[in-house]
Amino acid sequence: WYSATTVTDYIAATRQDVVFFVGAFVGLIWYVALYTGVRPRIFLSLLTAVYVVVGMVNIISPPAYSGQVFGLASIELPWGETLATLDSAGSVWIDILSLVQLLTLGFLVFAITRQYMRGERHPALLLGLGLLPFIAGIFYEILGGSGVVPYIPFGELGFLGIAIAASLQMANSVIRTEEALARHQDELESLVAERTADLQEAGERLLAQERISAAAEERRRLASELHDSVTQTLYSVSLVAAALPRLLDRNSEEASRSALHLRNMTLGALAEMRTLLYELRPDTLATAKLVTLLQQAADVFTGRTHIPVEIEAQADSQPPAEVKLAFYRIAQEALNNAAKHAAATRISIALHEDADSLELRIEDEGLGFDPEMESDEGLGLSIMRERAMNADLDLKLASERGQGT
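Basis of the calculations
- Residues numbered from 1 in each chain as written.
- Predicted model: local features only at pLDDT ≥ 70, side-chain atom pairs only at ≥ 80, totals over all residues.
- Heavy atoms only, no water.
- Helix = DSSP H or I, 4+ residues; strand = E, 2+ residues; numbered from the N terminus.
- Rg over C-alpha atoms; globule rule 2.2 N^0.38 Å.
- Buried < 20%, exposed > 50% of the residue type's maximum accessible area, 1.4 Å probe, protein only.
- Contact = heavy atoms within 4.5 Å.
- Areas by Shrake-Rupley, 256 points an atom, 1.4 Å probe, with all protein chains shown as cover.
- Lys, Arg positive; Asp, Glu negative; His and termini not counted.
- Charge placed at Lys NZ, Arg CZ, Asp CG, Glu CD.
- Pairing = 2+ DSSP bridges.
- Core = buried A, V, L, I, M, F, W, Y, C linked by side-chain atoms within 4.5 Å.
- Expected span 1.5 Å × (residues − 1).
- Phe/Tyr/Trp six-rings, centres within 6.5 Å; stacked < 30°, edge-to-face > 60°.
- Axes fitted to C-alpha atoms, helices over the stretch in contact; angles between N-to-C directions.
- Parallel < 35°, antiparallel > 145°, perpendicular 65-115°, else oblique.
- Left-handed = near helix turned anticlockwise from the far one by under 90°.
- Patch = residues over 30% accessible without salt bridge, like charges linked within 9 Å, V, L, I, M, F, W, Y side chains within 5 Å.
- Salt bridge = Lys/Arg side-chain N within 4 Å of Asp/Glu carboxyl O.

Draft legend 1. How the structure looks around the overall build of the protein. The secondary structure content of the protein amounts to 13 helices and five strands. What you see for the protein is a C-alpha radius of gyration of 36 Å, clearly larger than the 22 Å of a compact globule of 405 residues, by over 25%. For the protein, the spread of C-alpha atoms along the principal axes amounts to about 105 × 55 × 45 Å. Looking at the protein as a whole, 35% of its 405 residues qualify as buried. Taking the contacts inside the protein whose residues are at least 6 apart along the sequence as the reference set, 67% of them involve residues at least 24 apart. Only carbon and sulfur atoms are counted for the fraction: they give 59% of the accessible area of the protein, which is about 24200 Å². Distance from the positive charge centre (31 side chains) to the negative charge centre (51 side chains) of the protein: 8 Å.

Draft legend 2. Fine view of the pairing of strand β5 (residues 358-364). Here seven bridges tie strand β4 (residues 347-353) to β5, and the two strands are oriented antiparallel to one another. Directly across from L351, in β5, lies its bridge partner L360.

Draft legend 3. Looking closely at the environment of S399. Looking at the secondary structure, you find S399 in the segment after α13 (381-390). Assessed through its relative accessible area of 18%, S399 is described here as buried. Sequence separation between S399 and Q314 is 85 residues; the distance between their C-alpha atoms is 24 Å. Leaving out residues up to four positions away in the same chain, S399 has contacts with G368, F369, P371, G404 and T405.

Draft legend 4. The nonpolar core, seen in detail. Membership of the largest hydrophobic core comes to 32 residues, with the highest contact counts inside it found for L28, V32, Y51, F107, L108, L131 and F134. Elements that contribute at least two residues to this core include exactly α1 (7-36), α2 (41-60), α4 (92-117) and α5 (121-145). The greatest single-element share of this core, amounting to nine residues, is contributed by α1. Non-local contacts of L108, meaning those with residues more than four positions away in its chain, are made with L28, V32, L131, F134 and I135.

Draft legend 5. Just helix α10 (residues 290-305), in detail. When the terminal C-alpha atoms of α10 are compared, their 22 Å separation across 16 residues agrees well with the 22 Å that a helix rising 1.5 Å per residue should span. Listed as buried for α10 are L290, L293, L294, Q296, A297, A298, V300, F301 and G303. Downstream of α10 by one or two residues, H306 has phi in the positive range, about 65°.

Draft legend 6. Focus on the packing of aromatic side chains. Under the definition given, this model contains six aromatic pairs. Judged by centre distance (5.6 Å) and plane angle (55°), the ring pair of F25 and F134 falls under tilted. With F25 in helix α1 and F134 in helix α5, this residue pair connects regions lying 109 residues apart in the sequence. As far as burial versus exposure is concerned, F25 and F134 are alike and both buried. Look at Y31 and Y35: their rings are 5.9 Å apart centre to centre, the planes differ by 45°, and that puts the pair in the tilted class.

Draft legend 7. Fine view of the packing of α1 against α5. Closest axis-to-axis distance for the α1/α5 pair is 12 Å, and the angle between their directions is 160°. One way to sum up the angle between α1 and α5 is to call them roughly antiparallel. Seen along the crossing, α1 lies across α5 with a hand that is left-handed. In contact with F25, L28, Y31, V32, Y35 and T36 of α1, α5 contributes P123, L126, L127, L131, F134 and I138.

Draft legend 8. View of a nonpolar patch on the surface. Where nonpolar side chains cluster on the molecular surface, the patch consists of F43, L99 and L103 and spans about 260 Å² of accessible area. Residue position: L99 is located in helix α4.

Here it is as structure tokens:
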């Protein structure tokens, strides 16, 4: 632009510069509005519209924007560099642009001041320092264009200050975020340590025959299940129970539905507590019948999700403890997958036994998936395969999109 040798070259370069100019100013005023929280939407929309209109006039009809063009002129900078500029009579569009630039500078100063007065002093000072060279440069250019001072194109350099301010603010945000995450991590670790200490005494009695690593893993799992299932269910029960007396006076039908919902949640919580009691006593889990464990898992699942589970048991055998536990855990994982990923409305569990084998078949009428495309980790299939392999079981998976699993 500054090295153009003809008016045509200068105008062609101007068309490209206008796109940057309009985008930069519009982006700047909205960035400052979001940064400071000062958002006079009508004023900002009018500023944006004026920038866009002036830019379109400059692109579509440069003579209308510049006025009568006499040719190219030269600007001698204080350090000896010579720049090309357009020698024209000027127009009302140039005056409008100068006015809207002054309004933009006023808004920037006003927004930073308001942010500072709200108590956000550090962000306001940071933005103010970044915008200072920009404001000074644009103001100087306006004065230079009016002939008050020698024209020097400082405005472009001002955008560097904005980039530095934005970078510093982002770096500040990252540092504050990392500090907050570190504090949260310390709090979480402290909370986990407290919960683990609370369970330590009970764990020593209940899991004395287990290895120390298995005991720690079991405590963490039980604490998570207590929080995710029973605690949340009982909290929901308390909310429904608190609202029930008011519903009885206003809407008996709604009260009846709430009472039924309350009963279902309570039965689900009882089933979950029985399951946790089974698992808190490994000897009970080892001696219970497989059919009983599957029924218990189904009751817990239905109480939590309200999805019906049909159980068909043609076997009443007592397989080895590791086999029975693997069947039980795989059934739990399959039920969870059906609720979380398959949007299933009905699930069936069938247990069959013959002279050579014991088969557990779990089917849902959910969305299904492509086993070749889905991530094992996302569906918990790797956990099932690992449990099956550890108990020397044969795990088979059949699923198709829209056909269930």
